[in-house]
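Per-entry structural report
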Amino acid sequence: AQSVTQLDSQVPVFEEAPVELRCNYSSSVSVYLFWYVQYPNQGLQLLLKYLSGSTLVKGINGFEAEFNKSQTSFHLRKPSVHISDTAEYFCACGGGADGLTFGKGTHLIIQP
Amino acid sequence: GAVVSQHPSWVICKSGTSVKIECRSLDFQATTMFWYRQFPKQSLMLMATSNEGSKATYEQGVEKDKFLINHASLTLSTLTVTSAHPEDSSFYICSARDPREPSYGYTFGSGTRLTVV
């Protein structure tokens, strides 16, 4: 069984400041890890994913994430956020023939 | 990139009626599609896995007779909410795997907001 924990339900941050959204996973097998962004009343857009190889993954919109196997973490970071980054962010694990297991989401609030 | 179209984007129906939601892969053939449900301000919960040409696989606790899934072609899966009730009101999102992506690419539809009155 797999599970994903997003430690913060809400993260407020000032515009142009850096941000880190935390994600921890639990799995008995090798996993693929994903970060998605969801804007109100919309579907999910893939930010980035980790499958194997380099533990630092770069995604769209200036986001990056680092896979840490020993800490079972996959935290999402951005060095400087913009108002348009206000959204819900979901960490997920899974892959192959199975659907994804999602964390509960983190609402990123950008303050001017 | 891969595109998944979901229709309708929102629907309001009367209690007791049935509603069909369509999920189409526009530029690829999807042998597997997934249906998720999202309650307000909550995460996505996998409801079922839809496999082309075979029966869907439902997650524990999901009523098969309430949520009928049909995957009759490689580009279309449908979710029918039968005899809908207000508690079925939710945001439903489909996802499809693009087999051309060696790295397990999942593309999501834009979601359907169902309101049962």
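Residues numbered from 1 in each chain as written. Chains lettered and ligands numbered in written order. Predicted model: local features only at pLDDT ≥ 70, side-chain atom pairs only at ≥ 80, totals over all residues. Heavy atoms only, no water.

A few words now on the overall build of chain A. In terms of regular secondary structure, chain A is built from 0 helices and 12 strands. If you list the helices and strands of chain A from N to C, you get β-β-β-β-β-β-β-β-β-β-β-β. Taking 13 Å as the expected radius of gyration for a compact globule of 112 residues, we find that chain A reaches 13 Å, a close match to that expectation. Each principal axis of the C-alpha atoms in chain A carries an extent, and together these give about 40 × 30 × 20 Å. Within chain A, buried positions represent 43% of all 112 residues. Partitioning the contacts of chain A with sequence separation of at least 6, the portion at a separation of at least 24 is 54%. (Helix = DSSP H or I, 4+ residues; strand = E, 2+ residues; numbered from the N terminus. Rg over C-alpha atoms; globule rule 2.2 N^0.38 Å. Buried < 20%, exposed > 50% of the residue type's maximum accessible area, 1.4 Å probe, protein only. Contact = heavy atoms within 4.5 Å.)

What follows is about the interface of chain B and chain A. In this assembly, 21 residues from chain B lie in contact with 20 residues from chain A. A buried area of about 1500 Å², summed over both sides, lies between chain B and chain A, and 56% of it is on carbon and sulfur atoms. Summed over the shared surface of chain B and chain A, the result is 4 residue pairs in polar contact (both at pLDDT 80 or more). Of all the secondary-structure elements, those providing two or more residues to the side of chain B that touches chain A are β4 (32-38), β5 (44-51), β9 (90-98) and β10 (105-108) of chain B. The biggest single contributor to the side of chain B that touches chain A is β4(B), with 4 residues. (Buried area = accessible area lost by both parts, 1.4 Å probe. Polar contact = N/O pair within 3.5 Å; in protein donor to acceptor, adjacent residues only side chain to side chain.)

Once that is clear, we can look at the nonpolar core. Residues A:W35, A:L48, A:F74, A:L76 and A:Y89 are the most contacted members of the largest nonpolar core, which totals 27 residues. Elements represented by at least two residues in this core include exactly β2 (10-14), β3 (19-21), β5 (32-38), β6 (44-50), β8 (64-68), β9 (73-78), β10 (87-94) and β12 (106-111) of chain A. A per-element tally of this core places β10(A) first, with 4 residues. Other than its neighbours up to four places away in sequence, A:F74 contacts A:C23, A:L33, A:F34, A:W35, A:L48, A:K49, A:Y50, A:V57, A:A65, A:E66, A:F67 and A:C91. By size, the runner-up hydrophobic cluster in this structure holds 25 residues, among which are B:V19, B:I21, B:Y58 and B:A96. (Core = buried A, V, L, I, M, F, W, Y, C linked by side-chain atoms within 4.5 Å.)

Another aspect to go through is the sheet that holds strand β1 (residues 4-7) of chain B. Residues and elements named next belong to chain B. Here we have 4 strands laid out as an open sheet, ordered β1-β3-β8-β7, and antiparallel in their pairing. The open sheet has two edge strands with one neighbour each: β1 and β7 (67-73). Averaged over neighbouring strand pairs, the angle between their axes works out to 15° when direction is ignored. The sheet contact formed by β1 and strand β3 (residues 19-25) spans 4 bridges and is antiparallel. Among the inter-strand pairings, Q6 is bridged to a residue of β3, identified as C23. (Pairing = 2+ DSSP bridges. Axes fitted to C-alpha atoms, helices over the stretch in contact; angles between N-to-C directions.)

For the structure on display, the rule yields 2 disulfides over all chains. Paired by a disulfide, A:C23 and A:C91 hold their sulfur atoms 2.0 Å apart. Handedness here is read from the sign of the S-S torsion; for A:C23 and A:C91, about -65°, the answer is left-handed. Remark: A:C91 occurs in strand β10 and A:C23 occurs in the loop between β3 and β4 (24-26); sequence separation between them is 68 residues. Among the residues examined, A:C23 registers a relative accessible area of 0% and is labelled buried. According to the relative accessible area criterion, A:C91 is buried, its value standing at 0%. The disulfide that involves B:C23 links it to B:C94, with 2.0 Å between the sulfurs. (Disulfide = S-S within 2.5 Å.)

The next point concerns the packing of aromatic side chains. Tallying each qualifying case throughout the model produces 14 aromatic pairs over all chains. Here the aromatic rings of A:Y36 and B:F108 are separated by 5.0 Å at their centres, their planes lie at 75°, and the arrangement is edge-to-face. One end of the pair, A:Y36, is in strand β5; the other, B:F108, is in strand β10, on a second chain. Across this residue pair, the class does not change: A:Y36 and B:F108 are buried. Ring geometry for B:F67 and B:Y92: centres 6.2 Å apart, planes at 45°, overall tilted. Placement of B:F67 in strand β7 and of B:Y92 in strand β9 is noted, with a sequence separation of 25 residues between them. Neither B:F67 nor B:Y92 differs from the other in exposure class; each is buried. Within the aromatic cluster, the residues linked to one another by ring pairs are A:F34, A:Y36, A:F90, A:F102, B:F34, B:Y36, B:Y106 and B:F108. (Phe/Tyr/Trp six-rings, centres within 6.5 Å; stacked < 30°, edge-to-face > 60°.)

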